Amino acid sequence: WPPQLYSVSDTTLPRGLPGMILRINGGGLAKATVARWDGADRVTRYDPPNLPSNFVEMELLPEDLAIVGTHSITLWNPAPMGGTSQPATVEVGERPRNDDVANAMLVTDSIVNDQPDSRFASREPTDPAPLCISSPGPSVWYRISGRSGAFVIDTTGSNPVAVITVWSGGPGNWQAVQLCSEL
């Protein structure tokens, strides 16, 4: 029987990552199982530590993550009980312009209307962790300067749903000003 591919750990990835490990949940896996990215064999680890036996790890190369678009992942087992799994897809896309704190969008108006597609945003090791979320995701950044008073932040249409937190300081010295507000 061919292997079965049930799910992958990440289905959207930002373009330009230096490579990464993708975890694949499947069935009919063997030591000889090979994970493929767009039909090309990739280094595959069978029975990786700290994961159940129905997982393999696939090593993605920087060139895999350099091309924007939808990519196919399959699992392959050799004969006699071999074959190729049904594909799963991973979308590689452009990062938002304000993906990291160094490129925060400057806000000078009292109304902020932005619909970032944060599916392709990243999370930097120095990003603060919102206290209201046990597993924070990627971040986009805004810098408010030269104004005081109330601001309206409209994230209607954001993908995924936005969680807003307000911080002062900088990497290594973040101070929460406003706790989470899920919109």
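Quick note: structure is the one above.
Residues numbered from 1 in each chain as written. Predicted model: local features only at pLDDT ≥ 70, side-chain atom pairs only at ≥ 80, totals over all residues. Heavy atoms only, no water.

Let us look at the sheet that holds strand β7 (residues 55–60). One open sheet accounts for 4 strands, arranged β1-β3-β7-β6; its pairing is antiparallel. At either margin of the open sheet sits one strand with a lone partner, and together these are β1 (4–8) and β6 (44–46). Ignoring strand direction, the axes of neighbouring strands in this sheet form an average angle of 30°. (Pairing = 2+ DSSP bridges. Helix = DSSP H or I, 4+ residues; strand = E, 2+ residues; numbered from the N terminus. Axes fitted to C-alpha atoms, helices over the stretch in contact; angles between N-to-C directions.)

This paragraph deals with unusual backbone geometry. Following Ala79, the chain continues to Pro80 via a peptide bond in cis, the omega torsion being 10°. Tracing the sequence through the fold places Pro80 in the loop between β8 (69–77) and β9 (83–84). For Asp38, which is not glycine, the phi dihedral falls at a positive 50°. By the element assignment, Asp38 lies in the loop between β4 (34–37) and β5 (40–42). The class of Asp38 is partly exposed, set by a relative accessible area of 43%. The backbone of Asp47 sits at a positive phi, close to 55°, despite the residue not being glycine. Its place among the elements puts Asp47 in the loop between β6 and β7. Using a relative accessible area of 43% as the deciding quantity, one classes Asp47 as partly exposed. (Buried < 20%, exposed > 50% of the residue type's maximum accessible area, 1.4 Å probe, protein only.)

As far as function goes, none of this settles anything; it's purely spatial.
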